[in-house]
2 protein chains.
Amino acid sequence: MARKIKLGAFLPGGGQHVAAWRHPDQPTDGALSLEFHKQLALTAERGLFDAYFLADNLAIGFGGAREGGNARVAGFEPTTLFSALAPFTKNLGFIATSSTTYEEPYTTARKFASLDLISGGRAGWNVVTTTGDPTAQNFNRQTQLPHAERYRRAAEHVDVVKALWDSFEDDAFTRDVDSGKFYDPSKLHEANYRGEHFQVRGPLNVSRSPQGHPVIVQAGQSDDGRGLAAQTAEVIFTAHQHIETAQEFYRDIKARARGFGRDPNHVLVMPGVSPFVGRTLEEAQEKYERLTSLILEEDGVGLLNGLTGGTLDLRGYDLDGPLPEAPPTEGMKSRQALIRQIADENNFTIRQLYQWVASARGHFTIVGTPETIVDTLQEWFENEAADGFNILPPWLPTALDDFVDLVIPELQRRGLFRTEYEGTTLRENLGLPFPINRWTAARSVVQAAE
Amino acid sequence: MARKIKLGAFLPGGGQHVAAWRHPDQPTDGALSLEFHKQLALTAERGLFDAYFLADNLAIGFGGAREGGNARVAGFEPTTLFSALAPFTKNLGFIATSSTTYEEPYTTARKFASLDLISGGRAGWNVVTTTGDPTAQNFNRQTQLPHAERYRRAAEHVDVVKALWDSFEDDAFTRDVDSGKFYDPSKLHEANYRGEHFQVRGPLNVSRSPQGHPVIVQAGQSDDGRGLAAQTAEVIFTAHQHIETAQEFYRDIKARARGFGRDPNHVLVMPGVSPFVGRTLEEAQEKYERLTSLILEEDGVGLLNGLTGGTLDLRGYDLDGPLPEAPPTEGMKSRQALIRQIADENNFTIRQLYQWVASARGHFTIVGTPETIVDTLQEWFENEAADGFNILPPWLPTALDDFVDLVIPELQRRGLFRTEYEGTTLRENLGLPFPINRWTAARSVVQAAE
């Protein structure tokens, strides 16, 4: 079977573009509307997307918009929202973000196993370390942990979660009414994890979920982030403006995965793409300009500050002048470098810079017809830059509808995308293997040796 | 309007009675079936119950049954499960248990606010401190915190959560497209909490939820537990075998609540009741004996050990002899005393004891007709023993159906129970006041003084 493009959809109810909520198509109360999120999920499933993806924050502070102008200042907690949406869909995956720094592995393992059960095997966990002092201050700290320590903790956290997901073997539940044996105790296992950051005994009080392990997703761009992703992630979300840097990233991740003894085909690299789709180039350009015209200056400036971890306070600078120098900081290192690169390459003023990043917050913006957009996606897909894409419709719901109604059919015409779901679980649709329970595997080895 | 009985329903998918899963009516895979939980929720709503209630554990270890015989060894995480059920119901409340010892207040506040939004104002939080070393060992500790420290931490945790729920005032969201003002920054507030156990800045990144605050529920029986409940809880779940002890508890809680300056009518005391309902007394008795006959000896002994916090290991004792003495322990003090009281009062052998507690795990078991059962409930309700009851159907779904089809109509005939829901939120149905946002209240005071 020919390799196909995988597609995730970033669908924050408040909209992706900083001015999305001011667009007449976008409901202003979308961020807190269950009905609106349900409509988005149904559209994504109609478009045969692999998964609905939600980012997450554990603080207000860096919202990417001026005081009072941020439509994403408040929203649902992702695993509860996705649990509410899952029963209305059949094939769409749900990838929720959860922090390795501010949650305990037992809690993480449990909520994702529960979502995987609720959805019949369609859960994914986007592993993040969560940057910023404002978040630390919501969790009994003054400042965030150093970058390297956050990543060591993240690696342990993922290890513990995976061990807990293997607590019950797949066939542990006998449910034999006559003998009174509900489960086989020899197929229930403690993790007994003792690490630098976590000591967790287990077992988890949730059964192995339909996928064995919910799909592990990550988005690290730094050296630490790439290392963790190559070691543990099955889907990697990444931000690139050019095929060359995407290729560098793609090849680096695949090589690192190989270095960890992993099959590089089981580590899917999916750059973010923010599409403005028109039937003609003019129509697409008009859509881009219309949304851009809705950005207030304060929101544009606030967005750049938010995206760089609060270290780029441009209030008072000439918005039609260049971006000033700023020191590198602990958090968001890679995002800061990316923003600066975009400014330098395009010789952007501050205003032009925020207008450009406003649509996708650092991801790749494409303005075009279905044909030109698919030309680009195909080029990236066929030349070691991408295994698929995370689509970030700049406003909702019509920019998502545009993609589903215009771009998906063109992808299908060229044989690049599915015409129906391959399976019922997220893993099956992504072409990822079912992780064999470690205890079952160990028993097989012993039995084979006997 | 005459005072009415409030009703909660304890509906663990694995069944309440230790042998429930061996009953032919009960699906053996109920604990992990979303469809089964959905069926239970719809039945509870048909019966006009105030709320669906779920207990919770953060460990396997004390399951109340022998190795392999515990049908509740694995289940869903409650807030994700309730998020999945809420959209299929319109009026039923959802009270999920969450631990003040092993979760962070920011996380607690967020998941319950999210569930309250998803359900349109039907969320409740059962505040527990979570006992047992096996749980501590899942969260980086060897042993649990001492009893008193757990309760001090719990009081702080609830304080922080309530402060976070007030982050946004109710009218903070202006969503004014023309001005670009999505919210009014003067109506967004930090908690800036600095306590012994928690330092939390805030604000919470979820709006005030439909109920303002999800309903606070507790079940503490010890002196510390009663103090916390009287100070913070709006619904109190409690276990009594006799009207006299229930009255003592009821009057004590109401007096303590008054001592904290609270209206005692806003602190609802709801004892647990496990009903075996028959059209005749003989039929009810047969139902009781049938379920009792399904208890395996090992499971009965394991149940007693589990209910007393793992301190009552009766393996090897003569099951037809008396209960031996055991030392009091840190955790589950009140539950241990209750179990011993049941044995002493009834002069029970070990076997008789576990048979009796098997149905309701320490709660009040009533075997009777709709008339005799309602006689008892009415007596408790009208004589300062209860404002309502938490119904624990011993097996599912038919014991719940029995209650809804036979007991509810009798309650309604006597004018003791609603014939339709009073409101759409849990708070409205329970007759609890809407908590005014502290910042809005403070502003009113200032304005009144000017």
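Thresholds applied
- Residues numbered from 1 in each chain as written.
- Chains lettered and ligands numbered in written order.
- Predicted model: local features only at pLDDT ≥ 70, side-chain atom pairs only at ≥ 80, totals over all residues.
- Heavy atoms only, no water.
- Helix = DSSP H or I, 4+ residues; strand = E, 2+ residues; numbered from the N terminus.
- Least-squares fit on C-alpha atoms with pLDDT ≥ 70 in both.
- Contact = heavy atoms within 4.5 Å.
- Buried < 20%, exposed > 50% of the residue type's maximum accessible area, 1.4 Å probe, protein only.
- Pairing = 2+ DSSP bridges.
- Buried area = accessible area lost by both parts, 1.4 Å probe.
- Salt bridge = Lys/Arg side-chain N within 4 Å of Asp/Glu carboxyl O.

1. Observations concerning unusual backbone geometry
That bond from Gly202(A) to Pro203(A) is cis: its omega, 0°, falls within 30 degrees of zero. Mapped onto the secondary structure, Pro203(A) falls in the loop between β8 (199-200) and β9 (215-218). In the segment running from Leu396(B) into Pro397(B), the intervening peptide bond is cis, with an omega of 0°. Of note, Pro397(B) is situated in the loop between β13 (388-391) and α13 (398-413). Of note, Asn192(A) is a non-glycine position whose phi angle comes to about 45°, a positive value. With respect to the helices and strands, Asn192(A) occurs in the loop between β6 (181-183) and β7 (193-194).

2. Observations concerning the relation of the copies chain B and chain A
Rotating chain B by 180° about the axis while translating it 0.0 Å along that axis superimposes it on chain A, leaving an RMSD of 0.0 Å. What we have between these two chains is a two-fold relation. Using C-alpha coordinates, one finds that chain B approaches the rotation axis most closely at Ala84(B), a distance of 2.1 Å. Comparing interface residues between copies, 100% of those in chain B also sit at the interface in chain A, which points to an isologous, same-surface contact.

3. Thoughts on the pairing of strand β12 (residues 364-368) of chain B
Residues and elements named next belong to chain B. For β12, the buried fraction is high: four of the five residues fall into the buried class. Pairing between strand β11 (residues 268-277) and β12: five bridges, direction parallel. Within the sheet, the bridge partner assigned to Val277 lies in β12 and is Gly368.

4. Considering the interface of chain B and chain A
Opposite the 71 residues of chain B that make contact, chain A presents 71 residues. Together, the buried faces of chain B and chain A total about 6200 Å²; carbon and sulfur atoms form 57% of this surface. Taken as a group, Arg110(B), Asn140(B) and Phe182(B) account for 10% of the area that chain B buries against chain A, more than any other trio of residues on that side. Counting across the interface, chain B meets chain A through two salt bridges. For Arg110(A), the salt bridge identified is with Asp56(B), shortest N-O distance 2.5 Å.

Interpretation note: all reported values are geometric properties and have no functional meaning in isolation.
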